[in-house]
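Residues per chain are reported as follows:
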Number of protein chains: 2
Amino acid sequence: MLSKNTLKFIKSLQQKKFRKQEQLFFVEGGKNVTELLQSDYEVTQVLFTTQFGKDNSVLLNAIKAEIFEVSQSTLESVGSFQSNDSVLAVAKCKPNIPIGLASDEWAIALDDVKDPGNLGTIIRIADWYGIQKLFLSEESAEFYNPKVVNASMGSFSRIMFSYTDLKKLFEKSDLPIYGAYLEGKSIYDSKFGKGGIILMGNESNGISKELEPYVSHKITIPRFGHAESLNVAVATAIFCDNMKRNSI
Amino acid sequence: MLSKNTLKFIKSLQQKKFRKQEQLFFVEGGKNVTELLQSDYEVTQVLFTTQFGKDNSVLLNAIKAEIFEVSQSTLESVGSFQSNDSVLAVAKCKPNIPIGLASDEWAIALDDVKDPGNLGTIIRIADWYGIQKLFLSEESAEFYNPKVVNASMGSFSRIMFSYTDLKKLFEKSDLPIYGAYLEGKSIYDSKFGKGGIILMGNESNGISKELEPYVSHKITIPRFGHAESLNVAVATAIFCDNMKRNSI
């Protein structure tokens, strides 16, 4: 039986403070939750509608979590979606641990990317291009914010991430760092090696001054019109696409 | 003197119904409004804070619109921004008229792209890549929705657009149409000509069946990881980038 207290508890996970305290987060919608249930995340509760239960009985029977059949309005009252006719699941956050990077591997590093929608979209892009590791400055958006999870369209479950002091990380690394600048070498003329870090800066200020000395390749996406800049997720995608194109 | 009725009227432009009826829309924030004031849009009113007025006196003196110095809280009470310490302007919508396309020109066509943030981001991308023309199916998001205007970061003021029946448009056109499909020819192996139309589909369903026969080039962005798809604005950017790269 799903108690009012449990519902209240799940709803509290909309707030960062409670996610941090409880080390739990929630995931909404069929696409995101089915990806979650097939991942290595530890799921604690699943709330689902009759229809979702019928369509996903095998998946639901295979997991250890508490499962509750609920109404659509219950889902909408605890989650962040205005409309949710399928499912919401609660899972344990992964601990923030350092991650390594081999010399033939790619990672994305984000220097204070603040907008949760941008972070979620970048996670989806990384997953599309087969980049599994993400380094985040400590001021970047929070990985388990519902807007991040939603925008990632399930890809959050496949990405390794680490919040870290990027300056210290770069100091210790001898991997090439490809940074997005408005005044760099054209990406069309740039060679990407076998591995390295793609560094993207803050939405308003770009890459911070203190990280600039570590950028081994300053790269620009050529502009043909008049927009002042590109959205950071869009620029990340173009970097990944050019990196893959130039490496095949 | 700025009356309560005028404030109420501007606030009503948050709703599509009133934008359609009055053929007016509003623009918020310093970046978007300064671009608006330098465009060929007819601006009717500008509400600004003391600071914005000081920083932009030349621009404000040069326009014909009614101008009002207001408090930050007034700006926030009429507009869609939670926080706006600079400016909001009202301007006349442009009429929806057919636009032509020369054989050496590029345009983007959107088949029911519904999300205003996606449309705004696509407008910014088009403007970055020097694509000035946008064809929108009648079910696509509304160009003058505040979320579209905001996400465009001022680029809305430089893009020509037309809501039209895409099927009829394509029937009459002999330009190449490059459509984004999950199962097409790799974009890395595709040649783009001197002009044509880049066609992007709906967020959930892609390009509709009825438009498929008109697509002369079915093109895919290669996937290296596990995400099921890319966001439509991200995919548009990768198309534009590859088109420009292959044409220089």
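Model, not experiment: these values are computed from the prediction.

Draft legend 1. Seen up close, the UniProt feature "domain: MRM3-like substrate binding" (unreviewed entry) in chain A. Mapped onto this numbering, the UniProt entry annotates "domain: MRM3-like substrate binding" (unreviewed entry) at residues 5–89 of chain A. Counting secondary structure, residues 5–89 of chain A comes out at 48% helix and 21% strand; the distance between its end C-alpha atoms is 16 Å.

Draft legend 2. Main features of the side chain of Thr34 of chain A. Residues and elements named next belong to chain A. Along the chain, Thr34 falls in helix α3 (residues 30–37). Of the residues examined, Thr34 reaches a relative accessible area of 18% and is grouped as buried. Within the local environment of Thr34, its side chain forms a polar contact with the backbone oxygen of Gly30, the two atoms lying 2.9 Å apart. In this structure the side chain of Thr34 is engaged in a polar contact, spanning 3.1 Å, whose partner is the backbone oxygen of Lys31. Setting aside residues no more than four positions away along its own chain, Thr34 makes contact with Phe52, Asn56 and Leu59.

Draft legend 3. Molecular detail of the packing of helix α7 (residues 116–128) of chain A against helix α10 (residues 232–246) of chain A. Residue and element names in this part refer to chain A. Interhelical geometry of α7 versus α10 gives an angle of 15° and a closest axis separation of 9 Å. Accordingly, the angle class assigned to the pair α7 and α10 is roughly parallel. Note that α7 runs across α10; the crossing there is right-handed. Mapping the contact onto sequence places Asn118, Thr121, Ile122 and Ile125 in α7 and Val232, Ala233, Thr236, Ala237 and Cys240 in α10. Of the residues belonging to the contact of α7 with α10, the class tally is 6 nonpolar, 3 polar and no charged.

Draft legend 4. Examining the relation of the copies chain B and chain A more closely. Each copy of the sequence occupies a distinct position, and chain B is placed on chain A by a rotation of 180° and an axial shift of 0.0 Å, giving an RMSD of 0.0 Å. Between the two chains, the operation in question is that of a two-fold axis. Minimal C-alpha separation from the rotation axis in chain B is found for Val234 of chain B, amounting to 2.7 Å. In this assembly the copies share their binding face: 100% of the residues contributing to the interface of chain B also contribute to that of chain A.

Draft legend 5. Seen up close, the sheet that holds strand β3 (residues 66–69) of chain A. Residues and elements named next belong to chain A. Taken together, the 4 strands give an open sheet; going across it, the order is β1-β4-β2-β3, and neighbouring strands pair in mixed fashion. Pairing within the sheet leaves two strands with one partner each, and these edge strands are β1 (24–28) and β3. Strand-to-strand, the axes of this sheet are offset by a mean angle of 15°, without reference to chain direction. Direction of pairing for strand β2 (residues 43–48) relative to β3: parallel, over a ladder of 4 bridges. Bridge pairing in β3 places Val46 opposite Ile67.

What counts, and where the lines are drawn
- Residues numbered from 1 in each chain as written.
- Chains lettered and ligands numbered in written order.
- Predicted model: local features only at pLDDT ≥ 70, side-chain atom pairs only at ≥ 80, totals over all residues.
- Heavy atoms only, no water.
- UniProt positions renumbered as here; feature names shortened; annotations may be inferred.
- Helix = DSSP H or I, 4+ residues; strand = E, 2+ residues; numbered from the N terminus.
- Buried < 20%, exposed > 50% of the residue type's maximum accessible area, 1.4 Å probe, protein only.
- Polar contact = N/O pair within 3.5 Å; in protein donor to acceptor, adjacent residues only side chain to side chain.
- Contact = heavy atoms within 4.5 Å.
- Axes fitted to C-alpha atoms, helices over the stretch in contact; angles between N-to-C directions.
- Parallel < 35°, antiparallel > 145°, perpendicular 65-115°, else oblique.
- Left-handed = near helix turned anticlockwise from the far one by under 90°.
- Nonpolar A, V, L, I, M, F, W, Y, C, P; charged D, E, K, R; others polar.
- Least-squares fit on C-alpha atoms with pLDDT ≥ 70 in both.
- Pairing = 2+ DSSP bridges.

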